[in-house]
Amino acid sequence: MPESKLESAVPDVLARMDRYARRVRLAVIGAAMLEGLLMIVALLKIDWKNDTQVLLFILSVLGYSIIALGLAALGAHVSRVGARVVAALDQRNAL
């Protein structure tokens, strides 16, 4: 690929990456709001005098928190890799 085509493609790719990042951010915020609403409904519907329901709720929250922490770690890794790609492109353009 000739140098001029590569240089002209970089801003388009970066703009596309920004658009996708905004969409993902909005999707995550929407999902978090829905999960919060479902958590409130669960807290209101649980019979706190029934030990089985309380135990199931606690174990569900613990299992869910492990998955959420894993997804947060994966998101941080992907963000770091994306930042490295952008930094490499910036360094290449500076030369």
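The sections below set out a description of the structure shown in this document. All figures in this text were calculated on a predicted structure; none of them were measured in a lab.

1. A closer look at the overall build of the protein chain
Across its full length, the protein chain holds two helices and zero strands. Against the compact-globule benchmark of 12 Å for 95 residues, the protein chain has a radius of gyration of 22 Å, which places it well outside the compact range. Projecting the C-alpha coordinates of the protein chain onto the three principal axes gives extents of approximately 70 × 20 × 20 Å. Here the protein chain holds 95 residues, and 4% of them are scored as buried. Only carbon and sulfur atoms are counted for the fraction: they give 70% of the accessible area of the protein chain, which is about 8,000 Å². Charged side chains of the protein chain number 11 positive and 8 negative; the gap between the two group centres comes to 3 Å.

2. Observations concerning the packing of aromatic side chains
A complete count under the given rule lists one aromatic pair for this structure. A centroid spacing of 5.9 Å and a plane angle of 80° characterise the contact between W48 and F57, whose relative ring orientation is edge-to-face. For W48, a relative accessible area of 48% puts it in the partly exposed group. The class of F57 is buried, set by a relative accessible area of 16%.

3. With respect to a positive patch on the surface
On the surface, a cluster of positive charge is made up of R16, R19, R22, R23 and R25. Checked against the element boundaries, R25 lands in helix α1 (residues 3–45).

4. Considerations on a nonpolar patch on the surface
On the surface, a cluster of nonpolar side chains totalling about 370 Å² of accessible area is made up of L34, L37, L38 and V41. Residue position: L38 is located in helix α1. Residue classification places L38 among the partly exposed residues on the basis of a relative accessible area of 48%.

5. A look at the environment of D47
Along the chain, the position of D47 falls in the loop between α1 and α2 (51–94). If we skip the residues at most four places from it in the chain, D47 touches Q53 and V54.

Each value, and the rule that gives it
Once a new chain begins, its residue numbering starts again from 1 and follows that chain's sequence as written. Predicted model: local features are reported for residues with pLDDT of at least 70 only, side-chain atom pairs are reported and counted for 80 or more only, and whole-chain, interface and lining totals are derived from all residues. To obtain the side-chain values, all non-hydrogen atoms of the structure were used and water was disregarded. Where helices and strands are cited, they refer to DSSP runs of H or I of at least four residues and of E of at least two residues respectively, numbered from the N terminus. Using C-alpha atoms as the atom set, the radius of gyration is obtained and then compared with a globule rule of 2.2 Å times the number of residues to the power 0.38. Residue exposure (1.4 Å probe, protein chains only): buried if accessible area is under 20% of the type maximum, exposed if over 50%, otherwise partly exposed. Note that accessible areas follow from Shrake-Rupley with a 1.4 Å probe, and for residues the cover is restricted to the protein chains shown. Two residue types count as positive, namely Lys and Arg, and two as negative, namely Asp and Glu; His and chain ends fall outside the count. By convention, the point assigned to a charge is CZ for Arg, NZ for Lys, CD for Glu and CG for Asp. Between the rings of Phe, Tyr and Trp (Trp by its six-membered ring), a pair exists once the centres lie within 6.5 Å; its type follows the angle of the planes, with under 30 degrees stacked, over 60 edge-to-face, and the other angles tilted. A patch consists of residues whose relative accessible area exceeds 30% and which take part in no salt bridge; residues with like charges are grouped when within 9 Å of each other, and nonpolar side chains (Val, Leu, Ile, Met, Phe, Trp, Tyr) when within 5 Å. In what follows, salt bridge is the name for a side-chain nitrogen of Lys or Arg lying within 4 Å of a carboxyl oxygen of Asp or Glu. Residue contacts follow a heavy-atom distance rule, with two residues in contact if any of their heavy atoms lie within 4.5 Å.

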